[in-house]
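Here's the letter readout for the chains.
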Amino acid sequence: MKKKLFAVLMAAAMVFGMTACGSGESADTTAETTGDEAQLEDFSIVLDWYPNAVHAFLYDAIEKGYFAEEGLNLVIQFPANTNDGISLPAAGKADAGVYYMQDAIMTSCEENVPIVSIGAVTQKSMNVVISLKDSGITEAKDLAGKKIGYAGTVLSEAQIQAMLQNAGLTADDCECIDVGFDLMSALTTSQVDATIGNMVNHEVPQMEEQGFEVNYFYPTDFGVPQGYELVFLANKDAVAENPEKYQGFLRACQKGFEDMKNNPDEVLQILLDNQNEANFPLSENVERQSMEILLPDMETESAPFLHQEVSVWQENADWMYEVGVLTKEADVSGLVVNLLEDAEA
C-alpha cells in the first residue's frame, strides 16, 4: 500500500536516498569514535521525512549527549522509499523508524509484518483538510459540490468517505481527484478546492508564509477516529530480546523533548543547524510555528510524551475494518508496548 506522506517526500526520496540528516554523506551522527565514543552502540532510526520540527528533540538529545549517556550513538537516516519507516525495522535493517499509526496497522495486519510501536511521537492526528479561505470551506458539509484532492491512498479515500457520511453527504455530492503527492500545488493552482493528507504543523504555516490565506479542519472532528499520527516502530523480536537498549533510546528522547518544551528557541536552533540545507532547506518561521503547534499535541495533561493506549490503536483498527481498509478484524494489542512505564511498574 502507498503510504500517506507529504507532497515532497517522493521527490525527496528519489533525489536523496538514505543519508544522514545534515550531512548528505553519512548516516553516522558521531563525529569521532575515539575514547568513550568508541564504546557507544549504534542505534539507527529512519525518519518519516526530512528533518523538521517534529524531529527536533532527537537532534537536541544528540547535541546534549543524552543518547551517549545511555551508551548509544544515534544514527539518523532518511527514507529512500515511502515505507522505510516500517520495512527497515521489520527486516532488522534499522533499530527503529518514525511512521504513521494507521499505515502501521494496515501493513502489520494485512501483511503480517513483525513490528511493534514503542512510543507515540504525537498524541493526536496532525492530518487536516486544507482549502483557500475564499472557498468558504470550514467543515465537512462544505465539501458538497467541491473537488477534493488526495494522494490516491486507500486510507485517504476512507477518511473522505467517513467525513462525507458524517456530514450527511455521499461520494456523488463531490468529486475526489487523485493528485498524487502534489497536494499543495493542486490546491494553489485551483485544480481542486480542498486537499486531505496535509499536516497542520507543516503545510498550514508553509502556505501562510507563501502568502496564501487558508482554512483547515481535522477529519477527526468529522467521523475519523482520533489517533497518534506518528509513532516509533521497531522489530518485535529485537525489542523482546533487548528491551534495555530501547528503554535507553526512549529515555534520551524524553530528555530531548523536555528541552524542546523548556527551551524551544535553543532546540529550534539545533534543528536548523542540522538541516540538510542543500536539499531540504527549512524556514525558521515555519519551523517555529510548527513547534508551537506540535508541543501541546506531543504531550497532554493526560498523556506524557511517548505514552500510548492500546484502546486508541484498537479503535482505529476497528474503524479501518468497518470501512474496508482492513480485510479482517484485528486484535492490535500486540502492536503496542510502553517500555518505560512497564519498567517502572
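This is a predicted model, so every value here is computed, not measured.

Chemist: What should I look at first to understand the side chain of Asn 73 in this one?
Modeler: Looking at the element boundaries, Asn 73 is found in strand S2 (residues 72-77). Within the structure, Asn 73 has its side chain in polar contact with the side chain of Asp 42 (distance 2.8 Å).

Chemist: Looking at this model, I keep getting lost on the pairing of strand S7 (residues 175-178). Mind explaining?
Modeler: One face of the sheet, then the other: side chains in a regular strand alternate in exactly this way. Two elements, strand S6 (residues 147-150) and S7, share four bridges in a ladder whose sense is parallel. Directly across from Tyr 150, in S7, lies its bridge partner Asp 178. The parallel pair S6 and S7 is bridged by helix H6 (residues 154-166), and the resulting crossover is right-handed.

Chemist: Teacher, can you tell me more about the state of the cysteines here?
Modeler: Joining two cysteines, a disulfide is a covalent bond between their sulfur atoms. Enumeration over the complete set of coordinates arrives at zero disulfides. Left without a disulfide partner, Cys 176 is nearest to the cysteine sulfur of Cys 174, which lies 4.4 Å away. Since its relative accessible area comes to 37%, Cys 176 is described here as partly exposed.

Chemist: Explanation requested: the environment of Glu 284 in the structure shown.
Modeler: Positionally, Glu 284 belongs in helix H12 (residues 284-298). With 15 residues separating them in the primary sequence, Glu 284 and Gln 269 have C-alpha atoms 8.6 Å apart. Residues contacting Glu 284, with those up to four places away along its chain left out, are Leu 268 and Leu 272.

Chemist: What exactly am I supposed to notice about the side chain of Asp 142 here?
Modeler: Tracing the backbone shows Asp 142 in the loop between strand S5 (127-132) and S6. Aside from chain neighbours lying at most four places away, what touches Asp 142 is Gly 136 and Ile 137.

Chemist: I'm lost on the pattern of salt bridges in this one. Help?
Modeler: Should the charged atoms of two oppositely charged side chains come close, the side chains can pair. For the coordinates displayed, the defined rule picks out 13 salt bridges. A salt bridge links Lys 64 to Glu 266; the nearest nitrogen and oxygen atoms lie 3.7 Å apart. Here Glu 266 lies in helix H11 (residues 264-273) and Lys 64 lies in the loop between helix H2 (56-63) and helix H3 (66-69), a separation of 202 residues in the sequence. Lys 255 is paired through a salt bridge with Glu 69; the nearest N and O atoms lie 3.1 Å apart. Of this pair, Lys 255 sits in helix H10 (residues 243-262) while Glu 69 is found in helix H3, placing the two residues 186 residues apart along the sequence. Ionic contacts of the salt-bridge type, sharing partners, join the residues Asp 60, Lys 64, Asp 259 and Glu 266 into one network.

Criteria and thresholds
- Residues numbered from 1 in each chain as written.
- Predicted model: local features only at pLDDT ≥ 70, side-chain atom pairs only at ≥ 80, totals over all residues.
- Heavy atoms only, no water.
- Helix = DSSP H or I, 4+ residues; strand = E, 2+ residues; numbered from the N terminus.
- Polar contact = N/O pair within 3.5 Å; in protein donor to acceptor, adjacent residues only side chain to side chain.
- Pairing = 2+ DSSP bridges.
- Right-handed = clockwise from strand over helix to strand, strands pointing away.
- Disulfide = S-S within 2.5 Å.
- Buried < 20%, exposed > 50% of the residue type's maximum accessible area, 1.4 Å probe, protein only.
- Contact = heavy atoms within 4.5 Å.
- Salt bridge = Lys/Arg side-chain N within 4 Å of Asp/Glu carboxyl O.

This is a description of form; function is not addressed.
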